[in-house]
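# Coordinate inspection notes
These are the residues of each chain, in order.
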Amino acid sequence: MPIPDDVQEYVEKNIKLMISQTATYLPFIKVAFPYSKNLADGVYNLIIGSALSVFVNQYAMRMKYPNAEDFAEFGKIAFKYRDQVDQFFK
């Protein structure tokens, strides 16, 4: 069973918002964490962690639980945005 369209929409809006905020905070991130070896991974993990919370909450509001297939689909959605985050740090 695919993820409901409205849940996917909420998740993707959250990811896009977090990516746009990353662009705003990028000068701070680079100055505040000069010794981090891979800021792109850290930022991506924060963004996806936030999106995962949105994903699970959307199911909870429907009194449902995501199954393994739903989580796999979430991973595919999240991965679409990986390159966008990487580009900030190149």
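Residues numbered from 1 in each chain as written. Predicted model: local features only at pLDDT ≥ 70, side-chain atom pairs only at ≥ 80, totals over all residues. Heavy atoms only, no water.

If you check helix H2 (residues 39-61), its first and last C-alpha atoms are 33 Å apart, about what 23 residues at 1.5 Å a residue would give, namely 33 Å. If you follow the buried residues of H2, they end up packed against helix H1 (5-32), helix H3 (68-79) and helix H4 (82-88). Phi turns positive, to about 60°, at Met63, one or two residues after H2. (Helix = DSSP H or I, 4+ residues; strand = E, 2+ residues; numbered from the N terminus. Expected span 1.5 Å × (residues − 1). Contact = heavy atoms within 4.5 Å.)

All right, on to the packing of aromatic side chains then. Describing an aromatic ring pair means giving the distance of the ring centres and the angle of the ring planes. Taken as a whole and assessed by the stated rule, the structure comprises four aromatic pairs. Both rings, one in Phe55 and one in Phe71, keep their centres 5.5 Å apart while their planes meet at 65°; by these two values the pair is edge-to-face. With Phe55 in helix H2 and Phe71 in helix H3, the pair connects residues that are 16 residues apart, well separated along the chain. Phe71 sits in the partly exposed class, given a relative accessible area of 36%. Relative to Phe74, the ring of Phe55 has its centre 5.0 Å away and its plane inclined at 35°; by these criteria the two rings are tilted. One end of the pair, Phe55, is in helix H2; the other, Phe74, is in helix H3, and 19 residues separate them in sequence. (Phe/Tyr/Trp six-rings, centres within 6.5 Å; stacked < 30°, edge-to-face > 60°. Buried < 20%, exposed > 50% of the residue type's maximum accessible area, 1.4 Å probe, protein only.)

Evaluated as defined, the whole model comprises five salt bridges. Linking Lys13 and Glu9 is a salt bridge whose minimum nitrogen-to-oxygen distance equals 3.1 Å. Of this pair, Lys13 and Glu9 are both found in helix H1, four residues apart, which corresponds to roughly one turn of the helix. Glu9 gets classed as partly exposed once you look at its relative accessible area, which sits at 44%. (Salt bridge = Lys/Arg side-chain N within 4 Å of Asp/Glu carboxyl O.)

What follows concerns H3. If you check H3, its first and last C-alpha atoms are 17 Å apart, about what twelve residues at 1.5 Å a residue would give, namely 16 Å. Among all positions in H3, only Asp70, Phe74, Ile77 and Ala78 are buried. Along H3, the residues classed as buried sweep out an arc of 95° about the axis, all on the same side. Pointing more than 90 degrees away from the buried face of H3 are the exposed residues Ala68, Lys76 and Phe79. Sitting at the head of H3, Asn67 places a side-chain oxygen 3.0 Å from the backbone nitrogen of Glu69. (Arc of directions from axis to C-beta. Polar contact = N/O pair within 3.5 Å; in protein donor to acceptor, adjacent residues only side chain to side chain.)

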